[in-house]
Amino acid sequence: MIRTTSLATGQRSLGDRDIVHPLFPPLTRGCPATSTGELAYPLEVVYDYDRVDRRLFDQEPGPDLARWAPLLPPLAAPTLGEGGTPLVELDGVFVKDESRNPTWSHKDRLTRVAVSAAVAAGAPGVVVASSGNHGASAAAYAARAGLPAIVLASAASPPAVQAFVRAYGARVLSVPVERRWPLLREIVDRLGYHPISNQTVTHTGHPFGPEGYKTIAYELFLQLGAVPAAVFAPTGYAELLFGIWKGFTELRLLGLSEATPRMYACESAAGGPHAHALGTGAPAAIVETGPSAAYSILSGVGGHRGVLAVRESGGEAVRVSDDDLRAAQRDLARHGLWQELSGAAGLAAYRRLGRAFDGPVVCVTTSSGFKDLGVGARTFPVTENPTLDDLR
């Protein structure tokens, strides 16, 4: 029998990998031993890899992250059928379409794990600060687990997305961006709610969350029958990028593969904190942002996870413009894949880089196009008494 319970043993600092804390409670404000007032270091979950049954990777990829339970933190929250998303070949690259998850974004993988931590910790509810995807996912998984949820939404997020978040019964407050994190911390400190998004000056987020993203690497390994040469991931706070990278490093650690892919952080040209950190040699960076319609990846706050994933994999950070994103979004739609503008960043960055690779290339797409700014606002003319000539 394959073991079906978690083999997680603790939380390791990414500021100093020799420092390991107990698995619980989740250290949601970064590593207390290495973080400072100007720089917060995230943590990652460590496992008893010697006890992992390699037959775990004989199974077919499919929904419900519990199929990977030994290599995840304890899954105390029920599934909504996250994971098992398709891999679609498109013009010489492979597209991993994460918009097929239960709330139509990659965030469902992270949220299943983070809400599980809240359930395991006996929290009275969860709280998240989000521009859209994360808030909808948190509201859905909290509802499934029977927990109340507070979502601090961006006042500029699309009305359709705000309606989507509210549909699950969460308490949603639209607040100015600069107030989201301070208010979130107050909710955590005074109400005891479990935070499943960031609270720190540079990004750390939930220490368990990126573990859910590792499962993308496991699925790609099984779907391709090999490790890809490169993975291009839309990057805001880089939890997705780091999680995928960690999944591939675990496959190598377990002796299932000999190589790992180069990881590419695909950032909005209007921000790009990870590109800045990598260019200056800093462990993390905070930058000014300009205007962009790619609100899901427009971030001025970076974190150490993305820097590690890019540096250790030999990849790069690639900045893409809104025009780059729109071109990639149009091409994806012409092949039957309607993505949010931010979700097209992987393909846009691959094309902007213009580099050949010795092996498969994967571009991750992250979210359904219905979540874009302005969707539903445009009206279309009605053709009265239509004829074939109208179609021509």
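Residues numbered from 1 in each chain as written. Predicted model: local features only at pLDDT ≥ 70, side-chain atom pairs only at ≥ 80, totals over all residues. Heavy atoms only, no water.

1. Some thoughts on the sheet that holds strand 10 (residues 230-234)
To be explicit about the condition: At least two bridges found by DSSP between two strands is the condition for calling them paired. A run of DSSP states H or I qualifies as a helix once it reaches four residues; a run of E qualifies as a strand once it reaches two. Both are numbered from the N-terminal end. For helices, the axis comes from a line fit to the C-alpha atoms of the stretch in contact; other axes are also lines fit to C-alpha atoms, and the angle between any two N-to-C directions lies between 0 and 180 degrees. Contacts were defined at the residue level, with two residues in contact if any of their heavy atoms lie within 4.5 Å.
The 6 strands lie next to each other as 4-5-13-10-11-12, forming an open sheet whose pairing is mixed. Two strands in the sheet have a free side with no partner beyond their single neighbour: strand 4 (87-90) and strand 12 (316-320). Pairs of neighbouring strands in the sheet enclose a mean axial angle of 25°, with direction left out of account. Pairing analysis gives 4 bridges linking strand 4 to strand 5 (residues 93-97), with the strands arranged antiparallel. Bridged to Val-88 within strand 5 is Val-95. Contacting strand 11 (262-268) and strand 12, helix 7 (residues 273-280) crosses the sheet at an angle of about 135° to strand 12. Lying on the sheet, helix 10 (residues 345-353) is in contact with strand 4, strand 5, strand 10, strand 11, strand 12 and strand 13 (361-365); it crosses strand 12 at an angle near 100°.

2. Observations regarding helix 10
In an α-helix there are 3.6 residues to a turn, and that puts residues three or four apart on one side. How we decide: The rule is simple: take the accessible area with a 1.4 Å probe, protein chains only, and divide by the maximum for that residue type; under 20% is buried, over 50% is exposed, in between is partly exposed.
Taken together, the buried positions of helix 10 are occupied by Ala-345, Gly-346, Leu-347, Ala-348, Ala-349 and Leu-353. Against the buried residues of helix 10 lie strand 5, strand 10, strand 11, strand 12, helix 9 (322-334) and strand 13. Where helix 10 terminates, the next one or two residues include Gly-354, which has phi positive at roughly 60°.

3. Notes on the pairing of strand 10
Counting buried positions along strand 10 yields 5 of 5 residues, so the element is predominantly enclosed. Across the two faces of strand 10 the burial is the same, with Ala-230, Phe-232 and Pro-234 and Val-231 and Ala-233 all buried. Two strands pair when backbone bridges link them, and strand 10 and strand 11 are joined in this way by 5 bridges, in the parallel orientation. Counterpart to Ala-230 in the pairing with strand 11 is Arg-262.

4. Thoughts on the packing of helix 7 against helix 8 (residues 304-313)
What counts is decided by this rule: Here the word oblique covers every angle except those under 35 degrees (roughly parallel), over 145 (roughly antiparallel) and from 65 to 115 (roughly perpendicular). For any helix crossing, the convention is left-handed if the near helix is rotated counterclockwise from the far helix by under a right angle, and right-handed if that rotation is clockwise. When residues are grouped by polarity, Ala, Val, Leu, Ile, Met, Phe, Trp, Tyr, Cys and Pro land in nonpolar, Asp, Glu, Lys and Arg in charged, and all others, Gly among them, in polar.
Contact geometry of helix 7 with helix 8 gives a least axis separation of 10 Å together with a crossing angle of 55°. In terms of their interaxial angle, helix 7 and helix 8 are classed as oblique. The hand of the helix 7/helix 8 crossing is right-handed. In this structure, helix 7 contributes His-274, Ala-277 and Leu-278 to the contact, and helix 8 contributes Gly-306, Val-307, Val-310 and Arg-311. Tallied by class, the residues present in the contact of helix 7 with helix 8 amount to 4 nonpolar, 2 polar and 1 charged.

5. Here we look at the state of the cysteines
The test is simple: A pair of cysteine sulfur atoms is labelled a disulfide when the two atoms are within 2.5 Å.
A complete count under the given rule lists 0 disulfides for this structure. The thiol of Cys-363 is unpaired, and the distance to the nearest cysteine sulfur, on Cys-266, comes to 7.3 Å.

6. Description of empty space enclosed by the protein
Heads up, the rule is: Only protein atoms enter the 1 Å grid, on which a cavity is a set of points fitting a 1.4 Å probe that cannot get out and a pocket is an open set with protein on both sides within 12 Å along at least 5 of 7 lines, lining residues being those with an atom within 4 Å of a point. Grid points are joined across faces, edges and corners, and a volume is the space filled by probe spheres set on the points.
Taken as a whole and assessed by the stated rule, the structure comprises 1 cavity of 30 Å³ or more. Approximately 30 Å³ is the volume found for the largest cavity. Forming the boundary of the largest cavity are Ser-130, Ser-131, Gly-132, Gly-135, Val-151, Ala-153, Ser-157, Val-161, Gln-162 and Val-165. Broken down by secondary-structure element, the contributors of at least two residues to the lining of the largest cavity are strand 7 (149-154) and helix 3 (159-166). If one sorts the elements of the lining of the largest cavity by residue count, helix 3 sits on top with 3 residues. Tallied by class, residues from the lining of the largest cavity come to 4 nonpolar, 6 polar and no charged.

7. Brief notes about the layout of surface pockets
In this structure, the largest pocket occupies an estimated 880 Å³ of space. Taken together, 42 residues line the largest pocket, and the ones lying closest to its centre are Ser-131, Arg-180, Tyr-237, Ser-296 and Leu-298. Secondary structure elements with two or more residues in the lining of the largest pocket: strand 6 (126-130), helix 2 (133-145), helix 4 (177-191) and helix 6 (239-253). Ranked by the residues each element gives to the lining of the largest pocket, the list is headed by helix 4, at 5 residues. Among the residues making up the lining of the largest pocket, the classes are represented as 18 nonpolar, 20 polar and 4 charged. One number sums up the size of the second largest pocket: a volume of about 230 Å³. Every residue lining the second largest pocket is listed: Arg-12, Arg-17, Glu-44, Tyr-49, Phe-242, Trp-245, Lys-246, Thr-249, Glu-250, Arg-252, Leu-253 and Glu-312. For the lining of the second largest pocket, the class distribution of residues is 4 nonpolar, 1 polar and 7 charged.

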